[in-house]
Number of protein chains: 2
Amino acid sequence: MNPLAIPEIVIRRLPLYLRTLKLLADRGLTVTSSQEIGDRLGITATQVRKDLSYFGEFGKQGTGYEIKYLQEQLRQILQVDRTWKLALIGVGDLGRALLRFTAFEESGFEMAAVLDRDGAKIGRQVGRHTVLDVATLPAVIRERGIQVAVIAVPTRDAQEIADALVKAGIRAILSYAPIQLSLPQHIQVQQIDPILSLQGMTYYLDASQL
Amino acid sequence: MNPLAIPEIVIRRLPLYLRTLKLLADRGLTVTSSQEIGDRLGITATQVRKDLSYFGEFGKQGTGYEIKYLQEQLRQILQVDRTWKLALIGVGDLGRALLRFTAFEESGFEMAAVLDRDGAKIGRQVGRHTVLDVATLPAVIRERGIQVAVIAVPTRDAQEIADALVKAGIRAILSYAPIQLSLPQHIQVQQIDPILSLQGMTYYLDASQL
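Residues numbered from 1 in each chain as written. Chains lettered and ligands numbered in written order. Predicted model: local features only at pLDDT ≥ 70, side-chain atom pairs only at ≥ 80, totals over all residues. Heavy atoms only, no water.

(A) Broad picture of the overall build of chain A. When helices and strands are counted, chain A shows 9 helices and 11 strands. Projecting the C-alpha coordinates of chain A onto the three principal axes gives extents of approximately 60 × 50 × 35 Å. Counting over 210 residues, chain A shows a buried share of 52%. Considering only intrachain contacts with a sequence separation of at least 6, the fraction spanning at least 24 residues in chain A is 54%. Carbon together with sulfur atoms contributes 49% to the accessible area of chain A, which is approximately 10100 Å² in total. (Helix = DSSP H or I, 4+ residues; strand = E, 2+ residues; numbered from the N terminus. Buried < 20%, exposed > 50% of the residue type's maximum accessible area, 1.4 Å probe, protein only. Contact = heavy atoms within 4.5 Å. Areas by Shrake-Rupley, 256 points an atom, 1.4 Å probe, with all protein chains shown as cover.)

Right under this line is the structure:
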């Protein structure tokens, strides 16, 4: 099937299902239901079933989903049944926090290069990584076979770094900079901005309690 | 209108519109169009118009939207035309990165308290904040009138902190912990998890280039 034929909002929910299945598996469960998955995520069982039905028939009426099998299928669909190499650009507080984040490796990603522009950081060891000069970006990306990059640089440098990443052949960018990056259509971009999340919540708060 | 009558996905896009309008205003523009907003966000002009039409008639056929007016209206709708007080729990690398993030104040939020459980951090100065003991959470939340909290603690502590926050009267939580928090229905929760964003992108990548 053409991957673009499925609504993006459905795709964005699949990683949530995968994470929920892992949680259930970690607790020793082997079987689950659309109801249980939905309850944990605050969405309806019907929505869960509808989302999964885009990709096939994964459960049985009455018995539910075999967790391990559904995990494997979702990993395949999301293409995280393989390992994608990541580059992290920017080793400030945020970059260091990301380097401590152990979930990458178990979720289909391997931190393969860590770069910064700051001469005081280049050559230093951070965890198991030696910080590389961002000026060597094109060679590092090519030689290490990196496809995905995480931008954790100051806002003012983010667009320049993004442009350099695209030029170096990166195909997906996760950016922590609170600006809308301007990039070619064929580049996947996701942004992490706490303001967007916070402003999406205040809408629902009862301001009379302020 | 009942705030729950509008699809959540529409609400989640409003902060993006607001950020785009700010960008255009910062460049000195005074008028924009659904086409321009949509182009910058990679969504259609029709979608932008449809989303805004839930809340009223903000533009004029042919002349577009007055940026300043639309900003004011969106701020009012999202309830960020006032200031919400934030508590940050956890002053590790991530917490420190968040304390450097200047966008909170200009977006409707004020960092009003910073707490940690680590005796080595309590009492220390981080930026303009003195780190408070997380054991004093209930009193701090009440006395400072804090409504929203940001969780930046290690994963193993996140649920316990979330429970304490709810007990202390917090009504919205932004969590950086990569776990699904279990909380009462009436609490607003948003989670920031780079894995979810990364796995939502790999679906679209051409794995044959691996």
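Having seen the model, we can carry on.
(B) Broad picture of the sheet that holds strand E1 (residues 31–32) of chain A. Residues and elements named next belong to chain A. The 3 strands are arranged E1-E3-E2 in an open sheet whose pairing can be described as antiparallel. The open sheet has two edge strands, E1 and strand E2 (59–60), and neither has a second partner. With 2 bridges connecting them, E1 and strand E3 (residues 64–66) associate as antiparallel partners. The residue bridging Thr 32 from the neighbouring strand is Tyr 65, located in E3. (Pairing = 2+ DSSP bridges.)

(C) Focus on the interface of chain A and chain B. Contact residues are listed per partner, giving 64 residues for chain A and 64 residues for chain B. Counting the surface lost from both chain A and chain B, the interface buries some 6200 Å², and carbon and sulfur atoms represent 67% of this. Inspection of the region where chain A meets chain B yields 6 salt bridges. Arg 96 of chain B serves as the salt-bridge partner of Asp 93 of chain A, at 3.9 Å between the closest nitrogen and oxygen. (Buried area = accessible area lost by both parts, 1.4 Å probe. Salt bridge = Lys/Arg side-chain N within 4 Å of Asp/Glu carboxyl O.)

(D) Highlighting the relation of the copies chain A and chain B. When chain A is fitted onto chain B, the two copies agree to an RMSD of 0.0 Å after a turn of 180° and an axial shift of 0.0 Å. Overall, the copies show the geometry of a two-fold rotation axis. Both copies present the same face, since 100% of the interface residues in chain A are matched by interface residues at the equivalent positions in chain B. (Least-squares fit on C-alpha atoms with pLDDT ≥ 70 in both.)

(E) Quick peek at the domain arrangement of chain A. As assigned here, chain A comprises domain 1 (3–77) and domain 2 (84–196). Between the C-alpha centres of domain 1 of chain A and domain 2 of chain A the distance comes to 30 Å. (Domains from an automatic or database assignment.)

(F) Seen up close, the sheet that holds strand E4 (residues 84–89) of chain A. Residues and elements named next belong to chain A. The sheet built from 6 strands is open, its strands ordered E8-E5-E4-E9-E10-E11 with parallel pairing. If you trace the sheet from one side to the other, it starts and ends with strand E8 (132–133) and strand E11 (188–191), each paired once. Sheet topology places strand E5 (residues 109–116) next to E8; 2 bridges connect them, and they run parallel. Counted as the bridge partner of Asp 116 is Asp 133 from E8.

(G) Focus on the packing of aromatic side chains. Residues and elements named next belong to chain A. Enumeration according to the criterion identifies 6 aromatic pairs over all chains in this entry. Considering the side-chain rings of Tyr 203 and Tyr 204, the 4.9 Å spacing of their centres and the 85° angle between planes classify their relative orientation as edge-to-face. Like Tyr 204, Tyr 203 is buried. (Phe/Tyr/Trp six-rings, centres within 6.5 Å; stacked < 30°, edge-to-face > 60°.)

(H) Summary view of the pattern of salt bridges. Residue and element names in this part refer to chain A. All chains considered together, the criterion is met by 24 salt bridges over all chains. One salt bridge in this structure joins Glu 106 and Lys 22, with 3.9 Å as the shortest N-O distance. In this pair, Glu 106 sits in helix H6 (residues 103–106) while Lys 22 sits in helix H1 (residues 8–26), placing the two residues 84 residues apart along the sequence. For Glu 106, a relative accessible area of 52% gives the class exposed. We classify Lys 22 as partly exposed; its relative accessible area is 34%. The salt bridge involving Arg 128 is made with Glu 105; its shortest N-O contact spans 3.5 Å. In this pair, Arg 128 is assigned in the loop between strand E6 (125–126) and strand E7 (129–130) and Glu 105 in helix H6, connecting sequence segments 23 residues apart. The class for Arg 128 is exposed, based on a relative accessible area of 53%. Since its relative accessible area comes to 45%, Glu 105 is described here as partly exposed.

(I) Structural detail: the pairing of E5 of chain A. Residue and element names in this part refer to chain A. Taken across its 8 residues, E5 has 7 buried, putting it largely inside the fold. Of the pairings in the sheet, the one linking E4 to E5 comprises 6 bridges and is parallel in character. In the strand pairing of E5, Lys 85 is matched with Glu 110.

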